[in-house]
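# A look at the structure
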Amino acid sequence: MKNKNLAYEDAISKLESILEELEEDGCTLDESIDKFKKGIELYNYCNNLLYKAEGEVKILLEDKEGNMLDIEFPMEG
Amino acid sequence: MGPLKVSEVNNYIKRVFLSDMILSSLSIEGEISNFKHHYSGHMYFNLKDEKGKIKSVMFKSDNENLKVKLEEGMKIIATGYISLYEKEGDYQFYIRHIKESGLGDLYREFEELKKKLESEGLFSESNKKKIPTMPKKIGIVTSSTGAAIRDIITVIKRRFPPCNILIYPSLVQGPQAPKEICKGLKYLDSRQDIDLIITGRGGGSIEELFAFNDEYVARTIYDLETPIISAVGHETDFTIADFVADLRAPTPSAAAELAVPNICSLNNDLQNKYNRLIKGILQILGQHKVRINHLNKNLKFFNPVNQLKDKRQELDNLFKDLNYLVEKNFMNRKSQLGTLKNSLDLLNPLLALDRGYGILMNKDGKLIKSVENIVLNEEIDILLKDGQINTIVKAIDKGGLADEE
């Protein structure tokens, strides 16, 4: 994917417009297949954003020099 | 020491009271009970708490300037002195001033600050930033030990697991709280990786929520570049921070709900789009397949080999036609010929021989058709069916057959 920082919502709206074009069916077969490929890429990209990784929970600690450190936050139970 | 008179004792006690550092000037917090506003203008009532009560009096000269209207059950802070009512031997609280206890002042300060900040535009809707729909990392300023942070983390993890959380631990009550909260807000705001801030705490008394009614906190929230959700106390608690924040959540859990989307509905939507994608391309491919089949049929139809076959068949048909025509023509001719032959047969003199007629010819082989052509004693031939007779003419009678009758 070229645009690594594409926001989820933007990717979704791109996907939606590809779907609309595809469903309207005014394209040549080559164009349609191109669109389909792009749609699958966007789908994978979004799916990845949702399920790629569990988010981290960290807490800030100030060390003696006054630097802020991100420390793993202990969630019991 | 001999016995004292009652009045002497009361007078002594009164003097002890009045010379006491504490009793001679003090404030007492309590609830009004048995309130009586005497026609003389003096007020008599008890101040009480869960464990005890004190008889109290407020003279007309003091209560004339009261700002609050006293009533049964009201909680007040009264200032005055303790003295003895010698006639009854009762000690009483002589009240000079009254103010509504605690809450009243806090509410007044709250309302004043709210009005001031509102007039400065700190609550204006047009200054509120949009809350991102899918924050990657949320910064939270709150106590690291309270229920609030647990609730927020639990809800965020349940609704949207990929979201990162960074906690700035802060006091949320007490005199140091506003300063710490502001420091945390500014720190998180300065980081580039935080795209939403939540600050708040669980429920508590109005005094405990005080830090979120602090002017410094309000101004700090207003100055943030990062969108912020406030989540202080319960649904019914409104703080200044709530009015300044870009979004007010009724509770910390609700703040988490508002901060992140629900991954299930996102996923449903995404899978739905995926299905549409597959269905769409299959439909397009199907249409093209139909078109290709159609073209293929057309191509077969116009294939020269097939055309050749057609032509050959055409040729065969023509040949058949030709044959038929020739035959028909031949048959026509044949039957015509038959007819002609019949006509010819009718005219054939030889046929007359069959019927018993004979043909007369002279020596030269000429037909003799009339007696005029014959002379007496001429030698003639008679041609019969099965031979010829040579004879001599013996007589000649002129006249036709008709004449004989």
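All of these numbers come straight from a predicted model, not from anything done at the bench.

### Let's talk about the confidence of the model for chain B
Taken residue by residue, chain B gives an average pLDDT of 89. The fraction at 70 or more is 97%. Note on the complex model: pTM 0.59, ipTM 0.87.

### Digging into the interface of chain B and chain A
One frequent convention defines the size of an interface as the accessible area lost when the parts assemble. Taken together, the 37 residues of chain B in the interface contact 38 residues of chain A. Our count for the contact surface shared by chain B and chain A stands at five salt bridges. Of the charged contacts in the structure, one is a salt bridge between Glu62(A) and Lys183(B), with a shortest N-O distance of 3.3 Å. Between the two partners, chain B and chain A, sit 14 residue pairs in polar contact (both at pLDDT 80 or more). At the level of secondary structure, the elements contributing two or more residues to the side of chain B that touches chain A comprise α4 (147-159), β7 (164-169), α5 (177-190) and α9 (263-301) of chain B. Sorting elements by how many residues they give to the side of chain B that touches chain A places α9(B) first, with 16 residues. Of the residues assigned to the side of chain B that touches chain A, the class counts are 22 nonpolar, seven polar and eight charged. Pairing between strand β1 (residues 57-62) of chain A and β7(B): three bridges, direction parallel. Across the sheet, residue Lys58(A) finds its bridge partner in β7(B), namely Leu166(B).

### A few points about a nonpolar patch on the surface
All names here are of chain A. A cluster of nonpolar residues, Leu61, Leu69 and Ile71, forms a patch on the protein surface that exposes about 230 Å² of accessible area. Among the structural elements, leucine 61 can be located in strand β1. Residue class for leucine 61 comes out partly exposed when judged on its relative accessible area of 46%.

### Concerning the sheet that holds strand β13 (residues 387-392) of chain B
Residues and elements named next belong to chain B. Strand order in the open sheet formed by three strands is β11-β12-β13, and the pairing between neighbours is antiparallel. Each of the sheet's edge strands pairs with one partner strand only, and the pair in question is β11 (359-361) and β13. Pairs of neighbouring strands in the sheet enclose a mean axial angle of 25 degrees, with direction left out of account. Summarising the sheet, strand β12 (residues 379-384) and β13 pair through six bridges and their orientation is antiparallel.

### Quick notes on the packing of aromatic side chains
Residue and element names in this part refer to chain B. Scanning the entire structure with this criterion turns up nine aromatic pairs over all chains. Considering the side-chain rings of phenylalanine 301 and phenylalanine 302, the 5.0 Å spacing of their centres and the 80 degrees angle between planes classify their relative orientation as edge-to-face. Look at phenylalanine 301 and you get exposed, because its relative accessible area is 62%.

### Side note on the sheet that holds strand β5 (residues 90-100) of chain B
All names here are of chain B. Strand order in this closed barrel of five strands is β1-β2-β3-β5-β4, and the pairing throughout is mixed. Within the sheet, the average angular offset between the axes of one strand and its neighbour, ignoring direction, is 55 degrees. Judged from the ten bridges that link them, strand β4 (residues 75-85) and β5 form a sheet pairing that is antiparallel. Within the sheet, the bridge partner assigned to tyrosine 85 lies in β5 and is aspartate 90. Running over the sheet, helix α1 (residues 6-19) touches β4 and β5 and is turned about 140 degrees from β4.

### Points about the pattern of salt bridges
Counted under the stated rule, the structure contains 21 salt bridges over all chains. Each member of the salt-bridge network shares a partner with another, and the members are Glu16(A), Glu23(A), Asp269(B), Lys273(B) and Arg276(B).

### Overview of the pairing of β5(B)
All names here are of chain B. Pairing analysis gives two bridges linking strand β3 (residues 53-58) to β5, with the strands arranged parallel. The residue of β5 that forms the bridge with serine 56 is phenylalanine 93. With antiparallel pairing between neighbouring strands as the criterion, β4 and β5 make up a hairpin whose turn holds four residues, including glycine 89 at a positive phi of roughly 75 degrees.

The rules we used
- Residues numbered from 1 in each chain as written.
- Chains lettered and ligands numbered in written order.
- Predicted model: local features only at pLDDT ≥ 70, side-chain atom pairs only at ≥ 80, totals over all residues.
- Heavy atoms only, no water.
- pLDDT = per-residue confidence, 0-100.
- Contact = heavy atoms within 4.5 Å.
- Salt bridge = Lys/Arg side-chain N within 4 Å of Asp/Glu carboxyl O.
- Polar contact = N/O pair within 3.5 Å; in protein donor to acceptor, adjacent residues only side chain to side chain.
- Helix = DSSP H or I, 4+ residues; strand = E, 2+ residues; numbered from the N terminus.
- Nonpolar A, V, L, I, M, F, W, Y, C, P; charged D, E, K, R; others polar.
- Pairing = 2+ DSSP bridges.
- Patch = residues over 30% accessible without salt bridge, like charges linked within 9 Å, V, L, I, M, F, W, Y side chains within 5 Å.
- Areas by Shrake-Rupley, 256 points an atom, 1.4 Å probe, with all protein chains shown as cover.
- Buried < 20%, exposed > 50% of the residue type's maximum accessible area, 1.4 Å probe, protein only.
- Axes fitted to C-alpha atoms, helices over the stretch in contact; angles between N-to-C directions.
- Phe/Tyr/Trp six-rings, centres within 6.5 Å; stacked < 30°, edge-to-face > 60°.

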